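Structural characterization, general
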Amino acid sequence: MLLKPINYFLKIIKSAKISVKLTIVYAFMFSLVLLILNASILFGVKYYFYNQSNKQIDDVKTMILNKVTSRNEHTNLSDKELISDVPSKENVHIRILQEDGKILNISNGFNYTIKVEEPYDRIQRLEEEEKHLVFKNIKIESKGYGTAYLQIVKDMHNEYGFMKILFVIMAIADFIGIIASIIVGYMVSKKMLKPIDYITKTAESISINNLKERIEVNGPDDELKRLGNTFNNMIDRLQKFFDRQVQFVSDASHELRTPIAVIQGYANLLDRWGKDDKEALEKSIHAIKLEATNMSNLVEKLLFLARGDSGTQLIEKKEFRLNELVDDVVRESKLISPNHIISSDKNDTVSIIADYKMLKQMLRIFIENSIKFAPEQSVIDISSEIQGNKVKITVSDMGIGIPKNEIERIFDRFYIVDKSRSKEKGGTGLGLSIAKWIVDIHNGAIEVESEEAKYTKIVVILNLDK
């Protein structure tokens, strides 16, 4: 029967606001602390009262036994003077009985039914209804009376009355404290969570078409402020990525528009009169094949970068000799461009763990750029050199160079330093972006040193750590 309301209450809590949940948790913890604290106080007070009662009983016992011992054989256990020094205000009562149960001496107010039984001379307690007694039975040997028994009883009625009053006061104080904790806790949690409401509203107002909204969290450098800053940084990255994607799509569309227009133009030319004009037919077919090849290369590069951005580009790292890779690239480059002097001034023997095909693609990109923009019969050098736990790969040429103010931008996608000259050479502005991505995916670094109309040197530094 209790499970249904409990489950219903739990469902309400789960669907409640965070401020309400925090208030409930705060009130529960506060109530638990109060309960433990009050229980500890009551237990401590009770322990203190019983400890004092035991001490009083022992004091009375010592006092009476001293009197009995000092009188020796003249001891009169029925003498009222024997128990006259017992303080009646402290609710300590005495009774002396013979072995047959006959009462020899009794103090005023002793109306308790306590059996004379073992264990003797040990503190005992009696809890009956409203009675709370602490007592001790003591065995006495007397010449005049034989075996007698001394009963000392401490009535804890006043002490328990005090504890009841204390309990009521604590209960009232706890109730007031819990109500106050609920109110204050709700107000505090509401104020503390106010920035989260602001963050939520700001997040709801942000869309693809509105990435300019930012969260302003004032106050100390706490978790909420750091959350706001993290959210702002995330939006900055999203906006940067979105702007980059928009620019990427725009540039890709622009780059694809030209070859498509050329193909359409020659197709229309063929459709009009190219079928009967052999020269126009051959020229159109050559141009269409050339632009189709350019489009294929461009699309392949776009797909490579798209896979890199999405993290789906396959990377196969294995151990191989980097010097052998450099030798292969030098040998292939000599075949591709016999009009340039392809050399390798230094090629240290070294093993590296990397993606062989990607590093080869990177070197080819650098070499192709050097071949395009370096004059014939000039030297293009590819070198590798070990430096500690790193290897430095250098590709240098004596070409047209790069203006200093444009060096930082050459790795941007679709960025072309000299657009007219690059178009003549068939450049798309994606090769260096791919090379930079390959370096980054290998946790390397890339540096460019160039002087316009003199030379260009590209340095790639890779780690040799296993």
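The sections below set out a description of the structure shown in this document. (Residues numbered from 1 in each chain as written. Predicted model: local features only at pLDDT ≥ 70, side-chain atom pairs only at ≥ 80, totals over all residues. Heavy atoms only, no water.)

**Some thoughts on the pattern of salt bridges**
Overall, the coordinates contain 11 salt bridges when judged by the stated rule. Linking K346 and E385 is a salt bridge whose minimum nitrogen-to-oxygen distance equals 3.6 Å. Residue K346 is found in the loop between strand 7 (341–343) and strand 8 (351–355), and its partner E385 is found in strand 9 (residues 379–387); the two are separated by 39 residues along the sequence. Between D412 and R409 there is a salt bridge whose closest N-O contact spans 3.9 Å. Owing to a relative accessible area of 37%, D412 belongs among the partly exposed residues under this scheme. Assessed through its relative accessible area of 44%, R409 is described here as partly exposed. Among the charged side chains, a salt-bridge network with shared partners connects D58, K61, D121 and K136. (Salt bridge = Lys/Arg side-chain N within 4 Å of Asp/Glu carboxyl O. Helix = DSSP H or I, 4+ residues; strand = E, 2+ residues; numbered from the N terminus. Buried < 20%, exposed > 50% of the residue type's maximum accessible area, 1.4 Å probe, protein only.)

**Focus: the packing of helix 6 (residues 278–310) against helix 10 (residues 431–441)**
As a packed pair, helix 6 and helix 10 sit with axes 10 Å apart at the nearest point and diverge in direction by 30°. Comparing their axes, helix 10 and helix 6 come out roughly parallel. Seen along the crossing, helix 6 lies across helix 10 with a hand that is left-handed. Judged by residue contacts, K301, F304, L305 and G308 of helix 6 engage G431, S433, I434, W437 and I438 from helix 10. Of the residues belonging to the contact of helix 6 with helix 10, the class tally is five nonpolar, three polar and one charged. (Axes fitted to C-alpha atoms, helices over the stretch in contact; angles between N-to-C directions. Parallel < 35°, antiparallel > 145°, perpendicular 65-115°, else oblique. Left-handed = near helix turned anticlockwise from the far one by under 90°. Contact = heavy atoms within 4.5 Å. Nonpolar A, V, L, I, M, F, W, Y, C, P; charged D, E, K, R; others polar.)

**Section: the packing of aromatic side chains**
Applying the stated criterion across every chain yields a total of seven aromatic pairs. A ring pair is formed by F110 and Y112, whose centres lie 5.6 Å apart and whose planes are at 70°; its orientation type is edge-to-face. Summarising the burial analysis for this pair, F110 and Y112 share the class buried. Seen from their ring centres, F320 and Y356 are 5.0 Å apart, and the 80° between their planes marks the pair as edge-to-face. (Phe/Tyr/Trp six-rings, centres within 6.5 Å; stacked < 30°, edge-to-face > 60°.)

**Things to note about the environment of I315**
Secondary-structure assignment places I315 in the loop between helix 6 and strand 6 (317–321). Note: C-alpha distance between I315 and I438 (123 residues apart in sequence) is 9.8 Å. Those residues within four positions of I315 in sequence are excluded, and the remaining contacts are D355, M358, W437 and I441.

**Regarding the packing of helix 8 (residues 356–373) against helix 10**
As a packed pair, helix 8 and helix 10 sit with axes 9 Å apart at the nearest point and diverge in direction by 145°. By crossing handedness, the relation of helix 8 to helix 10 is classed as left-handed. In contact with M358, L359, Q361, M362, I365, F366 and N369 of helix 8, helix 10 contributes G431, L432, I434, A435, W437, I438, V439 and I441. Within the contact of helix 8 with helix 10, the residues separate by chemical class into 12 nonpolar, three polar and no charged.

**A look at the environment of L314**
Here L314 shows up in the loop between helix 6 and strand 6. When the C-alpha atoms of L314 and F304 are compared, they prove to be 9.9 Å apart, with 10 residues separating the residues in sequence.

**A short note on the sheet that holds strand 5 (residues 146–155)**
If you trace the five strands from one edge of the open sheet to the other, you get 2-1-5-4-3, paired in antiparallel fashion. Either end of the sheet is taken by a strand with one partner, and the two such strands are strand 2 (103–106) and strand 3 (124–128). Taking the axes of each pair of neighbouring strands and ignoring which way they run, one obtains an average angle of 25° across the sheet. Sheet topology places strand 3 next to strand 4 (residues 131–142); five bridges connect them, and they run antiparallel. If you follow R125 over to strand 4, its bridge partner there is V134. (Pairing = 2+ DSSP bridges.)

**Some remarks on the sheet that holds strand 10 (residues 390–397)**
Through backbone hydrogen bonds, the strands of a sheet pair up, either in parallel or in antiparallel fashion. Read from one edge of the open sheet, five strands run 7-9-10-12-11, paired in mixed fashion. Of all the strands in the sheet, just strand 7 and strand 11 (445–451) have a single pairing partner and so form its edges. Recorded for the sheet is a direction-independent mean angle of 10° between the axes of neighbouring strands. Where strand 10 lies against strand 12 (residues 455–463), eight bridges are found, and the strand directions are antiparallel. For D397, the partnering residue across the bridge sits in strand 12 and is T456. Taken strand by strand, helix 8 contacts strand 9, strand 10, strand 11 and strand 12, and its axis lies near 25° from that of strand 10.

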